[in-house]
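Okay, here's what each chain looks like letter by letter:
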Amino acid sequence: MLDWTPEELRRHGYAAVDALAEHWARMRDQPIRDVAPIEELEAAFGQAPPEEGRPFEEVLHDTTSRLLPNTMHVNHPRFFGFVPGPSNPTGAIAEMLAAGFNVFAGTWMGGGAATVVERSLLRWLASEIGLPAGAGGVMVSGGSHANLTALVVARQIHPLGRHPDAAVYFSDQTHSASERALRVLGFRDDQLRRLPSDSLGRLDVAALHSALGADTSPFCVIANAGATSTGAVDDLPTLAGICRARGLWLHADAAFGGAAAIAPRGKQALRGLEECDSMALDPHKWLFQPFGLGCVLVREERWLSEVFRIIPAYMNDVYRLNAEINFCDRGLELTRPFRALKLWMSLQHFGAAAFRSAIERGFQLAELAEARLRCNPEWEILTPAQMAVVTFRRKGDDALQKRLVDGMMADGYALLTSTIVSGRTALRLCPINPRTTGEEILETIARLEKMALQQ
Ligand SMILES: Cc1ncc(COP(=O)(O)O)c(C=O)c1O
């Protein structure tokens with residue numbers, strides 16, 4: 001029951017891999033987003049499951065030819081919106097293997113080698129960032145989960161974390177994930193200090209100083225290390241100095257930007273990240289992994305188990321075997337998938353140098369876009385290329401910028417999204433996919449220009 005013969009597994013598996021190969025090979029020539037109206041999708045996929053099954057060939061065909069094409073392809077080389085998920089095929093195959101073996105990565109008993117792989121990758125990331133030897137972390141589903149986990153640690157470890165008036169400081173560029181995490185943790189709105197940012201999107205340090213001066217229970221600063229809208233990196237060395245002097249916890253949301261620490265340019269831009277107490281870093285963004293992989297890193301690995309470890313009677317055998325590497329002690333999940341496998345297999349296969357170059361390429365593509373936009377005075381650069389994000393605006397009103405986003409979406413060649421910079425609607429390009437060519441960046445801007453002339 002609920003099984004396949006080895007022959008069926010091979011046949012169906014090969015067919016699924018063939019479909020995947022086809023998808024990757026043809027992606028560049030396919031639209032980035034061509035989603036049917038919801039009524040059509042409800043009729044096709046919104047029904048309760050059948051009592052009687054149907055041939056797998058038919059299910060696979062529906063999945064690969066009707067279901068998956070009706071999604072947005074964030075790994076498309078011309079997807080420049082939000083934060084792309086460039087992914088990589090090795091990571092995708094690793095996902096299949098991790099699921100196929102159904103590894104239980106919550107404990108040493110269940111995970112064995114999987115826990116060693118996860119711990120060593122976390123320590124490698126920590127050392128690339130420059131965190132001290134005792135640093136460590138845990139892999140989670142993504143940036144939202146990582147920021148929440150880190151802020152739970154901050155609240156429990158810092159002496160003022162549970163003070164009823166503990167105040168948290170962050171800029172108006174901070175991702176909603178952190179604010180949501182604070183809400184989940186029970187912080188009231190009057191404990192949150194949303195501070196202004198400068199013209200590049202960096203936390204205004206003078207505003208932080210004056211907010212701190214007015215508070216009796218300052219607890220935590222949340223810094224951006226690659227803000228989503230502009231790529232801005234807050235002045236981490238200065239923030240670290242302030243936090244050290246005043247005894248505040250410094251958390252960095254490096255969900256997007258943190259991976260760049262493995263490349264020389266990123267290391268330089270992220271100077272000071274190594275001084276943070278905790279951070280979120282998502283390999284499913286700029287470390288090119290399939291979705292479902294975020295990391296929490298903390299200065300002292302032991303903080304995680306101090307905060308999360310609970311040993312119930314039915315887990316005693318687990319701790320007799322190994323009390324040290326049980327990732328269930330480091331976060332919210334007991335049962336957890338072998339998320340680290342995709343990162344491990346792709347690093348083993350392509351090598352770390354390929355990842356460093358792929359990140360460097362993102363910096364270059366954003367700079368190319370900025371340089372090309374600067375050639376035409378009809379474009380205004382709102383924030384220059386920072387951590388592979390450039391924001392700009394066509395001369396005209398906010399509505400024009402939104403029409404350009406919609407126009408590009410309808411055109412289908414490339415997808416970009418808008419944001420707000422210094423109160424004005426901005427177009428935004430985030431070209432972190434290493435498979436994007438320079439010509440594709442130039443053609444995207446050429447199409448934007450053509451479209452703007454037709455408005
Ligand atoms: C800076 C930053 N923080 C947090 C998040 C949330 O991460 P996730 O979507 O993986 O939960 C994002 C997502 O884009 C982000 O860019």
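A brief look at the structure comes next.

Reading the values: rules and limits
The written sequence of each chain sets the order in which its residues are numbered from 1. pLDDT decides what is reported in this predicted model: residues at 70 or higher carry local features, side-chain atom pairs at 80 or more are listed and counted, and totals for whole chains, interfaces and linings draw on all residues regardless. To get the side-chain values, all heavy atoms of the structure are used, and hydrogens and water are removed first. The near set for a molecule or strand comprises every residue that places at least one heavy atom within 4 Å of it. For this analysis, a polar contact is any N or O atom pair within 3.5 Å, provided that within protein one partner can donate a hydrogen and the other can accept it, and provided that sequence-adjacent residues contribute only side-chain to side-chain pairs. Here, Shrake-Rupley sampling with a 1.4 Å probe gives the accessible areas, and only protein chains in the shown set may cover a residue. Here, nonpolar core refers to any group of buried Ala, Val, Leu, Ile, Met, Phe, Trp, Tyr and Cys residues whose side-chain atoms link them within 4.5 Å. We call a residue buried when its accessible area falls under 20% of the maximum for its residue type, exposed when it is over 50%, and partly exposed in between, using a 1.4 Å probe and counting protein chains only. Contacts were defined at the residue level, with two residues in contact if any of their heavy atoms lie within 4.5 Å. Only rings of Phe, Tyr and Trp enter the pairing, Trp through its six-membered ring, and a pair is recorded when the two centres are within 6.5 Å. The plane angle decides the type: under 30 degrees is stacked, over 60 is edge-to-face, the rest tilted. Numbering goes from the N terminus for both helices and strands, where a helix is a DSSP run of H or I of at least four residues and a strand is a run of E of at least two. The pairing criterion for strands is at least two bridges between them, as found by DSSP. All axes here are fitted lines through C-alpha atoms, helices being fitted over the stretch that makes contact, and every angle between N-to-C directions spans 0 to 180 degrees.

Examining the site of the ligand
No. 1: The ligand sits among 15 residues. The nearest are G143, S144, T228, D253 and H284.
No. 2: At 2.9 Å, a side-chain N or O of T228 approaches an oxygen atom of the ligand.
No. 3: With respect to the ligand, the side chain of H284 contributes an N or O atom lying 2.9 Å from an oxygen atom.
No. 4: With the chains in place, 82% of the 390 Å² that the ligand exposes on its own is no longer accessible.

Structural notes on the nonpolar core
Where a protein is soluble and globular, its nonpolar side chains tend to be buried together.
No. 1: Grouped together as the largest cluster of nonpolar side chains are 96 residues, with contacts concentrated most on V168, Y169, L208, L273, W286, L297 and I359.
No. 2: Residues within four places of Y169 in sequence aside, it is in contact with R193, L195, L208, A211, L212, D215, P218, F219, C220, V221, I222 and L248.
No. 3: Listed in part, the 22 residues of the second largest apolar core include W379, V390, L427 and A452.

Remarks on the packing of aromatic side chains
No. 1: Summed over all chains, the structure comprises 8 aromatic pairs.
No. 2: Measuring from centroid to centroid gives 4.9 Å for W249 and W303, while their planes differ by 45°, and the two rings are tilted. With W249 in strand β5 (residues 249–253) and W303 in helix α13 (residues 302–308), this residue pair connects regions lying 54 residues apart in the sequence. Each of the two residues, W249 as well as W303, counts as buried.
No. 3: A network of ring pairs unites the aromatic residues F256, W286 and F363 as a single cluster.

Things to note about the sheet that holds strand β3 (residues 192–195)
No. 1: The 7 strands lie next to each other as β1-β7-β6-β5-β4-β2-β3, forming an open sheet whose pairing is mixed. A strand with exactly one partner marks an edge of an open sheet, and here the two such strands are β1 (136–140) and β3. Averaged over all adjacent pairs, the angle separating strand axes in this sheet is 20°, with direction ignored.
No. 2: When strand β6 (residues 278–281) meets strand β7 (residues 294–298), the two strands line up antiparallel, connected through 4 bridges. The residue bridging S278 from the neighbouring strand is V298, located in β7.

Structural notes on the sheet that holds strand β10 (residues 417–421)
No. 1: Taken in spatial order, the 4 strands line up as β8-β9-β11-β10 in an open sheet, and their pairing is antiparallel. Taken across any chain shown, the strands that pair with only one partner, and hence form the sheet edges, are β8 (379–386) and β10. The average undirected angle you get between the axes of adjacent strands in this sheet is 35°.
No. 2: Judged from the 5 bridges that link them, β8 and strand β9 (residues 389–394) form a sheet pairing that is antiparallel. Its bridge partner lying in β9, W379 is registered against R394.
No. 3: In the packing of helix α17 (residues 398–411) onto the sheet, the strands contacted are β8, β9, β10 and β11 (424–429), and the crossing angle to β11 comes to about 25°.
No. 4: Its contacts with the sheet place helix α18 (residues 438–453) against β8 and β9, and it is angled at close to 20° to β9.

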